[in-house]
Amino acid sequence: MEDLKDIIAKNLVDLRTRAKLTQLQLAEMLNYSDKAVSKWERGEAIPDVRVLVRIAEIYGVTLDDIVKPESVAVPIEHNRHINGKRIFITVLSALLVWFIATGIFLVFFFINPTEKYSYLVFVVAPLPTSIVLLVLSAMWGNRITNAVASSLVLWSCVLIFHIFVITFTDFTKIYFLYIASALFEVLIILWFVYRWFSAKKGTKKVN
């Protein structure tokens, strides 16, 4: 078992170095602490199978490449290609939302009853954009990107509510909206901090 730990540790260091990632960056991708990554790379502990599979996916190698004694070469270009593709998909998805919003705006703009309020389409557009980013972040991102995307959803809703209220009503105490939203933002931050501590605590139990 000690030999296996040493082999995995050596390969993990080699893979991460070749991929030009820091321990903290890898930890964020895995939703673990950098201390856990450090233990794995020192051979003090072995990641569970699910984590090893995830690490293999990040580096674009197989699980066998991580546990075999021969040194492995990370297909850096392949890994960069995957990351570049994900960024491209994210940007394209966000632009698609605004493209659709522009089309809807043009339809409303050239209809007399709705022309006056056609600009509201662009007020609403940030919400579906932030939802798209949240979904993609849940698939490919980490705790930080998930927290940012969640906050974008919240404040997009605030923007919509604010603009619609001042446009269609005489309600003036809109500051209550921002007080409530600030409380929700605190809850979002606390939730992700709690998840970070839970993940950190979980690594200690595993190790």
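Conventions we followed
Residues numbered from 1 in each chain as written. Predicted model: local features only at pLDDT ≥ 70, side-chain atom pairs only at ≥ 80, totals over all residues. Heavy atoms only, no water. Helix = DSSP H or I, 4+ residues; strand = E, 2+ residues; numbered from the N terminus. Polar contact = N/O pair within 3.5 Å; in protein donor to acceptor, adjacent residues only side chain to side chain. Contact = heavy atoms within 4.5 Å. Patch = residues over 30% accessible without salt bridge, like charges linked within 9 Å, V, L, I, M, F, W, Y side chains within 5 Å. Areas by Shrake-Rupley, 256 points an atom, 1.4 Å probe, with all protein chains shown as cover. Salt bridge = Lys/Arg side-chain N within 4 Å of Asp/Glu carboxyl O. Buried < 20%, exposed > 50% of the residue type's maximum accessible area, 1.4 Å probe, protein only. Core = buried A, V, L, I, M, F, W, Y, C linked by side-chain atoms within 4.5 Å. Axes fitted to C-alpha atoms, helices over the stretch in contact; angles between N-to-C directions. Left-handed = near helix turned anticlockwise from the far one by under 90°. Phe/Tyr/Trp six-rings, centres within 6.5 Å; stacked < 30°, edge-to-face > 60°. pLDDT = per-residue confidence, 0-100.

Caption draft 1: Broad picture of the side chain of Thr129. Structurally, Thr129 can be placed in helix H9 (residues 126-140). Polar side-chain contacts of Thr129 include one of 2.9 Å to the backbone oxygen of Ala125. Those residues in contact with Thr129 that sit more than four places away from it in its chain are Ala94, Val97 and Trp98.

Caption draft 2: Quick look at a nonpolar patch on the surface. Together, Leu96, Phe99, Ile100, Ile104, Val107, Phe108 and Ile111 line one region of the surface with nonpolar side chains, adding up to about 650 Å² of accessible area. With respect to the helices, strands and loops of the structure, Ile111 is situated in the loop between helix H6 (76-109) and helix H7 (112-115). Judged by relative accessible area, which is 36%, Ile111 ranks as partly exposed.

Caption draft 3: Spotlight on the nonpolar core. By size, the foremost hydrophobic cluster in this structure holds 21 residues, and its most contacted members are Leu30, Trp40, Ile55, Tyr59 and Ile66. Among the secondary structure elements, those contributing two or more residues to this core are helix H1 (2-18), helix H2 (23-30), helix H3 (34-42) and helix H4 (49-59). Counting residues per element, this core draws most heavily on H4, at six residues. Residues in contact with Ile66, not counting those within four places in the same chain, are Ile7, Ile8, Asn11, Leu12, Leu15, Leu52, Ile55, Ala56 and Val61.

Caption draft 4: Structural view of the packing of H2 against H4. Look at H2 against H4: their axes get within 10 Å of each other, and the N-to-C directions meet at 115 degrees. Crossing hand, H2 versus H4: right-handed. Across the interface between the two elements, Leu26, Met29 and Leu30 of H2 pack against Val51, Arg54, Ile55, Ile58 and Tyr59 of H4.

Caption draft 5: Representation of the packing of aromatic side chains within the structure. Under the counting rule described, the total for this entry stands at 10 aromatic pairs. Relative to Phe122, the ring of Phe105 has its centre 5.0 Å away and its plane inclined at 45 degrees; by these criteria the two rings are tilted. Placement of the pair is Phe105 in helix H6 and Phe122 in helix H8 (residues 120-124), with a sequence separation of 17 residues. Seen from their ring centres, Trp155 and Tyr178 are 6.5 Å apart, and the 20 degrees between their planes marks the pair as stacked. One end of the pair, Trp155, is in helix H10 (residues 143-168); the other, Tyr178, is in helix H11 (residues 175-206), with 23 residues separating them in the sequence.

Caption draft 6: Spotlight on the confidence of the model for the chain. Here the chain shows a mean pLDDT of 85. Residues at 70 or above account for 88%. For the chain, the element scoring lowest by mean pLDDT is H11, at 80; H8 scores highest, at 96. Scored below 50 in pLDDT, residues 203-207 makes seven contacts in the model with residues more than four places away or belonging to other chains.

Caption draft 7: Quick look at the pattern of salt bridges. A full pass over the atoms with the stated rule returns seven salt bridges. For Arg16, the salt bridge is made with Glu41, and the minimal N-O distance between the two is 2.5 Å. Taken together, the residues Arg16 in helix H1 and Glu41 in helix H3 connect sequence positions 25 residues apart. The class of Glu41 is buried, set by a relative accessible area of 11%.

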